[in-house]
Amino acid sequence: MQQLAKHSSAELINIAGRQRMLSQRIAKNYAAKLWKISPEDAENRLQLDLSEYSSRLNQLLDSPLNTIEITRNLRKAKDHLKYARRGLEGKMKISEKRQIQVTTGTTDLMLRNMNIITEQYTDLLNSREHL
């Protein structure tokens, strides 16, 4: 789809869509680590996913195609990631049960917010095709 669209906003749609998947993989690997389901592998995968999510988020934030609304939602995504990292790194002064709820709830917010951003980039592509 990205190649067929022949527009840079198509790449942004692809990246934002992948961010949705990464947010859920972060939650999965966090749970696997916490519940000691292949903890070494889960920790490594968690760190790789966090790194990719952060890197791609910065790539999206740097896009000159962003509208005010897209930028606002990307900044929310950055705040969600910052908050989730606190839980993922055990920096919250709450019970383990509550930490799991907060962390998985935050990664769910990340998913929903990136879904909105993906739709915003799709709308951007559609509006540029009609110009």
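No experiment lies behind these values; they were computed from the predicted model shown.

Undergrad: For this particular structure, what's the right way to read the overall build of the protein?
TA: A tally of regular secondary structure across the protein gives five helices and zero strands. Helices and strands appear in the protein in the N-to-C order α-α-α-α-α. In the protein, buried positions account for 40% of the 131 residues. In the protein, the proportion of contacts linking residues at least 24 apart, taken out of those at least 6 apart, comes to 72%. Total accessible area computed for the protein in this model is approximately 7,900 Å², and 52% of it derives from carbon and sulfur atoms.

Undergrad: Sorry, what's going on with the confidence of the model for the protein here?
TA: Interpretation of this model should avoid reading the predicted coordinates in detail wherever pLDDT is low. With 89% of its residues at a pLDDT of 70 or more, the protein has an overall mean of 87. Mean pLDDT across the secondary structure elements of the protein bottoms out at helix α1 (residues 2–5), with 45, and peaks at helix α4 (residues 68–88), with 94. Of the regions scoring below 50 in pLDDT, residues 1–7 engages in eight contacts with residues more than four places distant in sequence or in other chains.

Undergrad: Hey, could you run me through the nonpolar core in this one?
TA: One broad rule of soluble globular proteins: the nonpolar side chains tend to lie buried together. By size, the foremost hydrophobic cluster in this structure holds 27 residues, and its most contacted members are Ile-26, Tyr-53, Leu-60, Leu-74, Leu-88, Met-114 and Tyr-121. Where this core is concerned, the elements lending two or more residues are α2 (8–34), α3 (39–61), α4 and α5 (96–129). Excluding residues within four positions of it along the chain, Met-114 makes contact with Ala-16, Gln-19, Arg-20, Tyr-53, Leu-60 and Ala-77.

Undergrad: When you look at the pattern of salt bridges in this model, what are you seeing that I'm missing?
TA: Pairs may arise between side chains of opposite charge once their charged atoms sit close together. Across all of its chains, the model carries five salt bridges by this definition. The residue Arg-25 makes a salt bridge to Asp-49 at a minimum N-O spacing of 2.7 Å. Residue Arg-25 is found in helix α2, and its partner Asp-49 is found in helix α3; the two are separated by 24 residues along the sequence. On the basis of relative accessibility, which here comes to 29%, the residue Arg-25 falls in the partly exposed class.

Undergrad: In this structure, what is going on with unusual backbone geometry? I would like to understand it.
TA: Across the chain, the bulk of peptide bonds are trans and the bulk of non-glycine residues have phi less than zero. In the Ramachandran plot, Lys-36 falls in the positive-phi region, its phi being about 60° despite a non-glycine side chain. The topology assignment puts Lys-36 in the loop between α2 and α3.

Undergrad: Please clarify how the environment of Leu-50 should be interpreted in this entry.
TA: Among the structural elements, Leu-50 can be located in helix α3. The buried category is assigned to Leu-50, whose relative accessible area is 2%. When the C-alpha atoms of Leu-50 and Ser-23 are compared, they prove to be 8.5 Å apart, with 27 residues separating the residues in sequence. Not counting residues up to four positions away in its chain, the partners in contact with Leu-50 are Ile-26, Leu-81, Arg-85 and Leu-88.

Parameters at a glance
Residues numbered from 1 in each chain as written. Predicted model: local features only at pLDDT ≥ 70, side-chain atom pairs only at ≥ 80, totals over all residues. Heavy atoms only, no water. Helix = DSSP H or I, 4+ residues; strand = E, 2+ residues; numbered from the N terminus. Buried < 20%, exposed > 50% of the residue type's maximum accessible area, 1.4 Å probe, protein only. Contact = heavy atoms within 4.5 Å. Areas by Shrake-Rupley, 256 points an atom, 1.4 Å probe, with all protein chains shown as cover. pLDDT = per-residue confidence, 0-100. Core = buried A, V, L, I, M, F, W, Y, C linked by side-chain atoms within 4.5 Å. Salt bridge = Lys/Arg side-chain N within 4 Å of Asp/Glu carboxyl O.

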